[in-house]
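# Observations on chain architecture
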Amino acid sequence: QLARIQTDSVVEMLRELYPDLRFEIAVAMSTTGDKILDTALSKIGEKSLFTKELENALERNEVDLVVHSLKDLPTSLPPGFTIGAVCKRENPLDAVVFHPKNCGKTLGLLPEKSVIGTSSLRRAAQLKKKFPQLEFRDIRGNLNTRLKKLDEKEDFSAIILAAAGLKRMGWENRIGQLLSPEDCLYAVGQGALAVEVRAKDQEILNMVSALQDADTVLCCIAERAFMKRLEGGCSVPVAVNSMLKDGQLYLTGAVYSLDGSDSLRETMQTSVNYPPQNEDGPNDDVQHVGITAKNVPGQAQEAAENLGVELASLLLSKGAKHILSVARQLNDTR
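Residues numbered from 1 in each chain as written. Predicted model: local features only at pLDDT ≥ 70, side-chain atom pairs only at ≥ 80, totals over all residues. Heavy atoms only, no water.

Looking up the protein in an unreviewed UniProt entry gives the name Porphobilinogen deaminase, with the organism given as Fregetta grallaria. UniProt, in the comment section headed Subunit (unreviewed entry), describes the protein in these words: "Monomer." (UniProt positions renumbered as here; feature names shortened; annotations may be inferred.)

This is how it looks when you write it as structure tokens:
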């Protein structure tokens, strides 16, 4: 349902921009990640868990564009594909949804040994450290399924979800607590929608680039470059927070051990204040961590990517590789 709402919202924007074109939404598809619901995401180990089936349809020309949650897309796309637009980001923070009996509480006010549901190693690692009195357990399924599990059983006192998904579903009133970046840094790309297209399809690429939100693109390029340099994925706890203010891009990045006891966190900034250039020619379609942003200055994109790489390199120089490889091994043996 959420995937459909997200797709509809992108198609609606395109219809407004191009009233003469006809947009048709292809049959909804299930992906591997949607079908395997009895295993933690971090254990399945498939990078393109939610994207492969959709990319196959793109490759066969059955569809011309695919709408994804950006956080589901790996930092390297298969050859022949690109993210042609990243739409304006919804609130990227994580949110706590409480069992009806805990309405009005916060995580800090829950009784000791209360069980919190999350399928994310990143959320669990950060919150275990901040709330050692709580227990964290895997919960899978789409938003509807997870909320149903929370409300109808007594297994969980609360669950952690992305605020953006709840908002898009019209369930903002279920958010009992928004987790600030001090409590919980968010996932790379969280809250942003990506439109994936065939890299050589100039007509479609030009069309969707009108949806591009420059600030969101620069933040997400920095975040994805950070993740790529760390070689992170959903099997290790990597988290970020980014912000663009007065031409400066700020990126905070962190890595955690599975229980949150060991962590590294740093912040860096760079200027992305570059004028639009006339970039026609061979550099027209340069990809930055899988994103082709036609109407965002190339120098700004480069600066954003370098920021992510430099921040990751700084963490690696302080021992991030060890933290992540231990986390990966522990996760594999769980």
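Having seen the structure, we can now continue with the description.
A few words now on the overall build of the protein. A count of helices and strands for the protein gives 11 helices and 11 strands. Put simply, the protein has 334 residues, and 50% of those count as buried. In the protein, 72% of the contacts between residues at least 6 apart in sequence involve partners at least 24 apart. (Helix = DSSP H or I, 4+ residues; strand = E, 2+ residues; numbered from the N terminus. Buried < 20%, exposed > 50% of the residue type's maximum accessible area, 1.4 Å probe, protein only. Contact = heavy atoms within 4.5 Å.)

Across the sheet, which stays open at both edges, the 3 strands sit in the order β1-β8-β2 with antiparallel pairing between neighbours. Among the strands making up the open sheet, the edge pair consists of β1 (66-69) and β2 (81-86). Each adjacent strand pair in this sheet contributes to an overall mean axis angle of 40°, direction not counted. Sheet contacts for helix α1 (residues 2-17): β1 and β8 (193-198); angle to β1, the most-contacted strand, approximately 125°. Lying over the sheet, helix α4 (residues 52-59) contacts β1, β2 and β8, oriented at roughly 40° with respect to β8. (Pairing = 2+ DSSP bridges. Axes fitted to C-alpha atoms, helices over the stretch in contact; angles between N-to-C directions.)

A separate point is helix α5 (residues 121-130). With respect to burial, α5 is a largely interior element, 7 of its 10 residues being buried. Three or more residues of α5 are buried, namely Leu121, Arg122, Arg123, Ala124, Ala125, Gln126 and Leu127. You can read the cap of α5 off the contacts: a side-chain oxygen lies 3.2 Å from the backbone nitrogen of Arg122, and it is on Ser120. (Polar contact = N/O pair within 3.5 Å; in protein donor to acceptor, adjacent residues only side chain to side chain.)

Looking now at the pattern of salt bridges. Should the charged atoms of two oppositely charged side chains come close, the side chains can pair. Within this structure, the stated rule accounts for 16 salt bridges. One salt bridge in this structure joins Arg89 and Glu223, with 2.9 Å as the shortest N-O distance. Residue Arg89 is located in the loop between β2 and β3 (94-98), and its partner Glu223 is located in helix α9 (residues 214-230); the two are separated by 134 residues in the primary sequence. Given the relative accessible area of 0%, Glu223 is considered buried. Its salt-bridge partner being Lys167, residue Glu90 comes within 3.2 Å of it at the nearest N-O pair. Here the residue Glu90 occupies a position in the loop between β2 and β3, and Lys167 occupies one in helix α7 (residues 163-168), the gap between them amounting to 77 residues. By relative accessible area, Glu90 is classed as partly exposed at 23%. Connected through salt bridges with shared partners, the residues Asp64, Arg198 and Asp201 form a single ionic network. (Salt bridge = Lys/Arg side-chain N within 4 Å of Asp/Glu carboxyl O.)

Next up on the list: the side chain of Ser209. Within the fold, Ser209 resides in the loop between α8 (202-208) and α9. Among residues more than four places away in sequence, those in contact with Ser209 are Gly84, Lys294 and Asn295.

What follows covers helix α6 (residues 143-152). Because each turn of an α-helix spans 3.6 residues, side chains separated by three or four positions end up pointing in the same direction. For α6, the complete set of buried residues consists of Leu143, Arg146, Leu147 and Leu150. Taken around the axis of α6, the buried residues stretch over an arc of 95°, which confines them to a single face. Tucked inside the fold, the buried residues of α6 contact α1, β3, β6 (158-162) and α7. The distance from a side-chain oxygen at the start of α6 to the backbone nitrogen of Asn144 is 3.2 Å, and the residue carrying that oxygen is Asn142. (Arc of directions from axis to C-beta.)

The description of two packed helices rests on the angle between their axes and on the distance between the axes. Interhelical geometry of α9 versus helix α10 (residues 298-317) gives an angle of 35° and a closest axis separation of 7 Å. The two elements α9 and α10 meet at a crossing, and its hand is right-handed. In this structure, α9 contributes Leu218, Ile221, Ala222, Ala225, Phe226, Arg229 and Leu230 to the contact, and α10 contributes Ala300, Gln301, Ala304, Glu305, Leu307, Gly308, Val309, Leu311, Ala312, Ser313, Leu315 and Leu316. (Left-handed = near helix turned anticlockwise from the far one by under 90°.)

Turning our attention to the side chain of Gln177. Take Gln177: it is sitting in strand β7 (residues 177-179). Among the polar contacts made by the side chain of Gln177, one reaches the main-chain amide nitrogen of Leu107 at a distance of 2.8 Å. Those residues within four positions of Gln177 in sequence are excluded, and the remaining contacts are Asp94, Ala95, Val96, Phe98, Thr106 and Leu107.

Quick look at the sheet that holds β6 now. Taken together, the 5 strands give an open sheet; going across it, the order is β5-β4-β6-β3-β7, and neighbouring strands pair in mixed fashion. Two strands bound the open sheet, and with one partner strand each, they are β5 (135-137) and β7. Pairs of neighbouring strands in the sheet enclose a mean axial angle of 30°, with direction left out of account. As defined by bridge partners, β3 adjoins β7 across 3 bridges and the pair is classed as antiparallel. Looking across to β7, one finds that Val96 is bridged to Gln177. Against the sheet, α5 engages β3, β5, β6 and β7, with an angle of about 125° to β6. With respect to the sheet, α6 is in contact with β3 and β6, its orientation differing from that of β6 by roughly 165°.

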